[in-house]
Amino acid sequence: PFRHHGRSGLEISSLFPQQQLVKKNVKSADSAGAILDEAHKGYDLLVLGASEPDDDADSIFSPVIDNLVQLAPCSTLIVDAKNTSKDWNPKNILI
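These numbers were taken from a predicted model, which means no experiment stands behind them. (Residues numbered from 1 in each chain as written. Predicted model: local features only at pLDDT ≥ 70, side-chain atom pairs only at ≥ 80, totals over all residues. Heavy atoms only, no water.)

Novice: Help me get a handle on the overall build of the protein, residues and values and all.
Specialist: The number of helices and strands found in the protein is 3 helices and 4 strands. The buried share of the protein, taken over its 95 residues, is 24%. Taking the intrachain contacts of the protein between residues at least 6 apart in sequence as the baseline, contacts between residues at least 24 apart amount to 48%. Working note: accessible area of the protein is about 7,200 Å², and carbon and sulfur atoms make up 51% of it. (Helix = DSSP H or I, 4+ residues; strand = E, 2+ residues; numbered from the N terminus. Buried < 20%, exposed > 50% of the residue type's maximum accessible area, 1.4 Å probe, protein only. Contact = heavy atoms within 4.5 Å. Areas by Shrake-Rupley, 256 points an atom, 1.4 Å probe, with all protein chains shown as cover.)

Novice: Describe the side chain of S62, naming the residues involved and giving the relevant values.
Specialist: Looking at the element boundaries, S62 is found in the loop between β3 (45-49) and α3 (63-71). At 3.3 Å, the side chain of S62 forms a polar contact with the backbone nitrogen of I65. (Polar contact = N/O pair within 3.5 Å; in protein donor to acceptor, adjacent residues only side chain to side chain.)

Novice: Quick one: what's the story with the packing of helix α2 (residues 31-39) against α3, residue by residue and with numbers?
Specialist: Taken N-terminus to C-terminus, the directions of α2 and α3 make an angle of 25°; their axes are 10 Å apart at the nearest point. When the interaxial angle is binned, α2 and α3 end up roughly parallel. As for the relative orientation of α2 and α3, their crossing is right-handed in sense. Every residue of α3 that contacts α2 at S31, A32, I35 and L36 is listed here: V64, N67, L68 and L71. Partitioning the contact of α2 with α3 into residue classes produces 6 nonpolar, 2 polar and no charged. (Axes fitted to C-alpha atoms, helices over the stretch in contact; angles between N-to-C directions. Parallel < 35°, antiparallel > 145°, perpendicular 65-115°, else oblique. Left-handed = near helix turned anticlockwise from the far one by under 90°. Nonpolar A, V, L, I, M, F, W, Y, C, P; charged D, E, K, R; others polar.)

Novice: A description of the pairing of β3 should follow, citing residues and the corresponding values.
Specialist: Burial of the side chains of β3 is restricted to one face: L46 and L48 are buried, whereas none of L45, V47 and G49 on the reverse face is. In this sheet, strand β4 (residues 75-79) lies alongside β3 in parallel orientation, the contact comprising 5 bridges. Residue pairing in the sheet places V47 in a bridge with L77 of β4. (Pairing = 2+ DSSP bridges.)

Shape is all these values report; function is a separate question.
Written out as structure tokens, the structure is:
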């Protein structure tokens, strides 16, 4: 099942209607830590919504997203879903 933290996960999960969506909201001062704790529960893939890079030249996306990619116990996928339509149905994916 898909589990998400925040609005981006819900938007991304709508692209995969054949999967069960389990909504889970976590309130934490350490959002990256809370996501990593959840990722350690046996997930195969962590899908993260892309964010605008900070002014920090050392970050590719943002310090939080970069940290999650580096520390996740599973594969990660960064998705920029802000420019996709609601009826977007990908047929060709380059891996």
